[in-house]
Amino acid sequence: MRSFRFDPGTVHLLRLDTDDDLYDTITEYVKRHHIDAAWVTFLGAVKRASLRYYDQDQKTYVDFSIDEPLEVVAGVGNVSVLDGEPFLHIHAAFADESGTGRGGHVNAGTVVFALEVSIQVLDGEPPVRLPDDCTGLTLW
Amino acid sequence: MRSFRFDPGTVHLLRLDTDDDLYDTITEYVKRHHIDAAWVTFLGAVKRASLRYYDQDQKTYVDFSIDEPLEVVAGVGNVSVLDGEPFLHIHAAFADESGTGRGGHVNAGTVVFALEVSIQVLDGEPPVRLPDDCTGLTLW
Amino acid sequence: MRSFRFDPGTVHLLRLDTDDDLYDTITEYVKRHHIDAAWVTFLGAVKRASLRYYDQDQKTYVDFSIDEPLEVVAGVGNVSVLDGEPFLHIHAAFADESGTGRGGHVNAGTVVFALEVSIQVLDGEPPVRLPDDCTGLTLW
C-alpha cells in the first residue's frame, strides 16, 4: 500500500454547461489552474455516457456507452500527475429514467446536461502515476 | 462553465434518526445554522425513497418512489442559495436486498432508517441558484 | 438527530495493492495512525465483493457476495470509535462488465484489484458508536 498526506487546500466548485464534455472540461480546468493533486466529487445529469470497464484478466479497457439521458447520482475521483501533467481519474454511478443503477469509469465523450463538481485541492507533493505491472494500469 | 473558490470550513457530521425525512431534516439543519455554501456526502439506509428523474426533453421532473428498504450506498450534493435561503440539492445511489443498484435525485418523502451525513462548509461567497433557460433548472 | 463539528485536518490518500482486503487494509491504516474521526471516499476496482444488506424488520445483516470483477464507482464512509478503537463504516456503489449498478455495505472479504482512497481526518472530539435500540445498529 502507498500513502500520501496533504493539507486541505482551496475548494473549487464548477458548474459545467450543457453539451460540455464531462471529462475533458474538468481536465482543462485543472490544467489551466495548475491543480496537480485534488479529490473530486460530482453530481448532475448527462445526455449520454461514455464509460469503461477494465477487464482484469485481459488487462484491457472495454469501452461502452449508454446513449440515453442519465442522472449522475455519485461521482468520485482525483487529480494526480501523469507524464508531467495533471491527470483526472473519475468513476460515477448513474441512474436512468426507471431509477435503475448503472456505472463505470468515466471516459471522454460523456456529454453534460448539467453538472456540479467539487475539486478539493490537496496541498503537498502530488501523487505521480506510473505503470503498474500487476494490474496493467498507471497508478500512484 | 462557472467556477467558485472557497476555503474549507467546519465539517458537520449529522446522524439522522429513524423516520426523519432525509431531505427536510438536512435542509432544516443548514437553515438553522445559516450554512449557505457546503458540499454534502452521506450513507446509510432508508425505509423508502422518493426520487426524481429529470426529463431533459420535456424539462420536467418525473417523480417516482421505491417503497422498500434500501441501503444508501453513496449520496452526493451541495448547499447553495435559492431565493435568499440555503437550498439543498442531493442525489444518491441505493442498493436493494439483492444488491441491485438504484438511484436518482433525492426528494422530500425519503424516510430515514439510519443516516450519516458530512456537511463540509465552504467559506466564501455562496453560489446562488437562478433559472437556466437551457436546462429549465435553477443552477448556480 | 445528533450533530458533531470538526475542523478539517490532514487528508491521507491511500492506494491499496492487488489482493488487499479492502475493509481490513483501511481499518489497519486508521488504527496504526490513530485516526479516530474521518470521512472516507474511494473508487477503483475489486476482484470480488463481500457485501451486507441490513434487514430493517429482522434487525439482522444479510451477507452476500458478488464473485466477479467490479468497478468501484463510488464509495463513502467514515471512521468513528467503537469499543475504544477506530472503526470503519463504508458503503459502495459498484458496476459490473455490462455497466449494471450494484451496491451495499462493504464487509471484510472484498478483494482489491486497485483502489484509491481519501481519508479526510476530522479534528475534534470523535463520534462514539453505541448500541441503538431503535435500529439494532451501533450508531454515533
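What counts, and where the lines are drawn
Residues numbered from 1 in each chain as written. Chains lettered and ligands numbered in written order. Predicted model: local features only at pLDDT ≥ 70, side-chain atom pairs only at ≥ 80, totals over all residues. Heavy atoms only, no water. Helix = DSSP H or I, 4+ residues; strand = E, 2+ residues; numbered from the N terminus. Rg over C-alpha atoms; globule rule 2.2 N^0.38 Å. Buried < 20%, exposed > 50% of the residue type's maximum accessible area, 1.4 Å probe, protein only. 1 Å grid on protein atoms, 1.4 Å probe; cavity = no way out; pocket = protein on both sides within 12 Å on 5 of 7 lines; lining within 4 Å. Points joined across faces, edges and corners; volume = space filled by probe spheres on them. Nonpolar A, V, L, I, M, F, W, Y, C, P; charged D, E, K, R; others polar. Contact = heavy atoms within 4.5 Å. Buried area = accessible area lost by both parts, 1.4 Å probe. Salt bridge = Lys/Arg side-chain N within 4 Å of Asp/Glu carboxyl O. Polar contact = N/O pair within 3.5 Å; in protein donor to acceptor, adjacent residues only side chain to side chain. Pairing = 2+ DSSP bridges.

Trainee: Break down the overall build of chain A for me, with residues and values.
Mentor: Helix and strand content of chain A: 1 helix and 9 strands. Sequence-ordered secondary structure for chain A, helices as α and strands as β, is β-α-β-β-β-β-β-β-β-β. Taking 2.2 N^0.38 as the reference for a compact globule, 140 residues should give roughly 14 Å; the C-alpha atoms of chain A span a radius of gyration of 15 Å, in line with that estimate. Dimensions along the principal axes, computed over C-alpha positions, put chain A at roughly 45 × 40 × 20 Å. Per-residue burial over chain A gives 64% buried out of 140 residues.

Trainee: Which residues make up unusual backbone geometry, and what are the values?
Mentor: The phi torsion of most residues other than glycine is negative, and most of the peptide bonds are trans. In this model, Asp19(A) sits at a positive phi of 80°, which is unusual for a non-glycine residue. Note on placement: Asp19(A) falls in the loop between β1 (2-16) and α1 (22-32).

Trainee: Go over empty space enclosed by the protein with me, naming the residues and quoting the values.
Mentor: All told, the structure shown has 2 cavities of 30 Å³ or more when counted by the stated rule. By volume, the largest cavity is sized at about 330 Å³. Those elements that provide at least two residues to the lining of the largest cavity are β2 (38-55) and β7 (111-123) of chain A, β2 (38-55) and β7 (111-123) of chain B together with β2 (38-55) and β7 (111-123) of chain C. For the lining of the largest cavity, the per-class residue count stands at 10 nonpolar, 9 polar and no charged. Residue lining of the second largest cavity: 15 residues in total, with Ala93(A), Arg102(A), Ala93(B), Arg102(B) and Ala93(C) positioned closest to the centre.

Trainee: Talk me through the interface of chain A and chain C; I want residue IDs and the actual numbers.
Mentor: Each partner contributes residues to the interface: chain A has 37 residues there, and chain C has 43 residues. Of the roughly 3,200 Å² buried between chain A and chain C on both sides combined, carbon and sulfur atoms contribute 63%. When the area that chain A buries against chain C is broken down by residue, the three leading residues are Met1(A), Tyr53(A) and Gln56(A), summing to 25%. Viewed at the interface, chain C and chain A are joined by 1 salt bridge. Here Glu116(C) and Arg129(A) are joined by a salt bridge, their closest N and O atoms 2.9 Å apart. Across the contact surface, chain A and chain C share 15 residue pairs in polar contact (both at pLDDT 80 or more). The dominant element in the side of chain A that touches chain C, judged by the number of residues it contributes, is β1(A), at 6 residues. A per-class count over the side of chain A that touches chain C returns 19 nonpolar, 12 polar and 6 charged. Relative to strand β1 (residues 2-16) of chain C, β1(A) runs antiparallel, the two sharing 5 bridges. Directly across from Arg2(A), in β1(C), lies its bridge partner Arg15(C).

Trainee: Tell me about the interface of chain B and chain C, residues and numbers included.
Mentor: Taken residue by residue, the interface counts 43 residues in chain B and 37 residues in chain C. Both faces considered, chain B and chain C share a buried interface measuring about 3,200 Å² in area, 63% of it formed by carbon and sulfur atoms. For the pair chain B and chain C, the number of links is 1 salt bridge. Where chain B touches chain C, the interface holds 15 residue pairs in polar contact (both at pLDDT 80 or more). Of the residues forming the side of chain B that touches chain C, the biggest block, 9 residues, is contributed by strand β1 (residues 2-16) of chain B. Residues belonging to the side of chain B that touches chain C are distributed by class as follows: 20 nonpolar, 14 polar and 9 charged.

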